[in-house]
Amino acid sequence: MENKHVIVIAFPFGSHLMPLLNLVIKLAQAAPNCSFSFIGTQKSNAILFPRPHLPNNIKFYAISDGIPEGHVLGENPTEKLNLFLQTGPENLQKGIELAVAETKQRVTCIIADAFVTSSLLVAHTLNVPWIAFWLPISCSLSFYFYLDLIRHTCANSAANTTLEFLPGLSKMRVEDVPRDMLDVGEKETLFTRTLNSLGEVLPQAKAVVMNFFEELDPPLFVQDMRSKLQALLYVVPFPSPLLSPPDSDSGGCLSWLDKQSSKSVAYVCFGTVVAPPVHELVAVAEALEESGFPFLWSLKEALMGVLPNGFLERTSKRGKVVSWAPQAQVLAHDSVGVFVTHCGANSVIESVSSGVPMICRPFFGDQGVGARVIEDVWEMGLVIEGKVLTKSGLLKSLNLILVQEEGKKIRDKALKMKKTVQDAVRPEAQAAQDFNTLVKIISN
Ligand code: UDP
């Protein structure tokens, strides 16, 4: 049988990278007859590589990031996304040529981050199946299929109006809609245009692969997406042991958590992209200090300067602030009782899998959808009062979830979600079958 050559196309930014490499590692182990050519940029490949113990049927290739020589990126975080997308299919093609020249194998399939839609054109040219990997909050996929209705509703309704027309997601509100979706005319960028085309593009995929648990998504949502896509497959998002870096707990978070009591600690982290406004960070510090709860806060080094004078010293007996925490392990630790989060897709997966209730402060993109699902669909957390971190709002939420009888329902729901995840990852569950289906698609 001909050896298969799968081209993997990354959206070479932030937390889209690890889950894609994770999927590829699992596929490479399950399909040793396939070669995987992972195409990123020099910068993104450097984040993933070198990594010891990767299966040797995965090779990395670098293409242009689209940043013109000598150009200095401005403040806008989406500038680099637009520059990369602007390089279009020609740039991807160059990476594929490198991979084909080195492996001497023709391409038999393309797996791409769903955001790199130009890879569909390449798949058409090569006449090979195109598989799209969906990394945002799973339910946010639905929004791209109801764009006109959403835009119409958002233009004519109050922020708390529910989006009744979204199958299985009738609790979503106007205020939860990713703002990019409403960018039309001059405000539209290549990035937003690309995202807003997904409802038309994704049905052309041989399969859309979700980095999530089907059992946690509303059945009507899943059914609706299945009716619109050729195939919808759920793969377990847990990281392969080959992914974890050996030195990820240099701040000593886990040994510190060992000394705290069960479900007592508030863990705070807003991911790798968001920089919350200074007044909100100060409010977090004040709430943590006044609450008296033990806390672990992962706060970027560059933001530490905004902490109130003397905060670290005054709270040092029961608090710890680090610039990086091994978050998945932190959330899995028995001492953690609540997670104050921006609702990034990876953070949500990690919290749900460990049954940790969340206090949500969504900022942009799919985070609002995540927050709504957490509060109103799973009922395993709450959105911070006014959607802004204030001292009194956070104190109220922390007390509710960590202490009060009223918060018991949320705590119990979180544990129930963990149990659902544990069942979903069993070898006889649907996810294992979906993974096998994916392996069959790429190896046939
Ligand atoms: N993360 C971590 N330690 C930190 C901060 C972040 O391990 O101190 C990880 C976190 O576990 C998650 C990822 O970084 O896997 C952040 O991804 P997410 O989708 O939650 O948010 P984003 O960074 O994309 O906004």
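Residues numbered from 1 in each chain as written. Predicted model: local features only at pLDDT ≥ 70, side-chain atom pairs only at ≥ 80, totals over all residues. Heavy atoms only, no water.

Labelled according to an unreviewed UniProt entry, the protein appears under the name Glycosyltransferase, originating from Canavalia gladiata. According to the UniProt record, the Sequence similarities (unreviewed entry) comment for the protein reads "Belongs to the UDP-glycosyltransferase family." (UniProt positions renumbered as here; feature names shortened; annotations may be inferred.)

J.: An account of the pairing of strand E11 (residues 336-341) is needed here, citing residue identities and associated values.
T.: Counting buried residues along E11, six of its six residues qualify, which places the element largely inside the surrounding structure. Both strand E8 (residues 265-269) and E11 contribute to a ladder of five bridges, which runs parallel. Residue pairing for E11: Val268 is matched across the bridge by Val340. In this structure, E11 lies alongside strand E12 (residues 358-360), joined through three bridges in parallel fashion. In the strand pairing of E12, Thr341 is matched with Cys360. Running through helix H15 (residues 345-354), the crossover from E11 to the neighbouring parallel element E12 is right-handed. (Buried < 20%, exposed > 50% of the residue type's maximum accessible area, 1.4 Å probe, protein only. Helix = DSSP H or I, 4+ residues; strand = E, 2+ residues; numbered from the N terminus. Pairing = 2+ DSSP bridges. Right-handed = clockwise from strand over helix to strand, strands pointing away.)

J.: With reference to specific residues and values, describe empty space enclosed by the protein.
T.: Summed over the entire model, instances satisfying the criterion amount to five cavities of 30 Å³ or more. If you add up the space inside the largest cavity, you get close to 70 Å³. The wall of the largest cavity is formed by Trp134, Leu135, Pro136, Ile137, Ser138, Asn211, Phe212, Ala345, Val348, Ile349 and Trp378. Ranked by residues supplied to the lining of the largest cavity, first place goes to H15 with three residues. In the lining of the largest cavity, the residues fall into nine nonpolar, two polar and no charged. Estimated volume of the second largest cavity: approximately 50 Å³. In this structure, the second largest cavity is lined by Cys269, Phe270, Gly271, Val274, Pro276, Ser298, Leu299, Lys300 and Leu303. Residue classes in the lining of the second largest cavity are distributed as six nonpolar, two polar and one charged. (1 Å grid on protein atoms, 1.4 Å probe; cavity = no way out; pocket = protein on both sides within 12 Å on 5 of 7 lines; lining within 4 Å. Points joined across faces, edges and corners; volume = space filled by probe spheres on them. Nonpolar A, V, L, I, M, F, W, Y, C, P; charged D, E, K, R; others polar.)

J.: Which residues make up the sheet that holds strand E3 (residues 58-63), and what values do they have?
T.: Taking strand neighbours across the sheet as the criterion, the seven strands line up as E3-E2-E1-E4-E5-E6-E7 in an open arrangement whose pairing is parallel. Strands with a single pairing partner mark the edges of an open sheet, and in this sheet they are E3 and strand E7 (232-234). On average, adjacent strands in this sheet sit at an angle of 25° to one another, irrespective of strand direction. Bridge count for strand E6 (residues 207-210) against E7 is three bridges, and the pairing is parallel. Its bridge partner being in E7, Met210 is matched across the sheet by Tyr234. The strands that helix H1 (residues 17-30) touches are strand E1 (4-9), strand E2 (34-41), E3, strand E4 (109-113) and strand E5 (130-134); relative to E2, the one it contacts most, it runs at about 165°. Here helix H4 (residues 88-103) sits on the sheet and contacts E1, E2, E3 and E4; the angle it forms with E3, its principal contact strand, is near 140°. (Axes fitted to C-alpha atoms, helices over the stretch in contact; angles between N-to-C directions. Contact = heavy atoms within 4.5 Å.)

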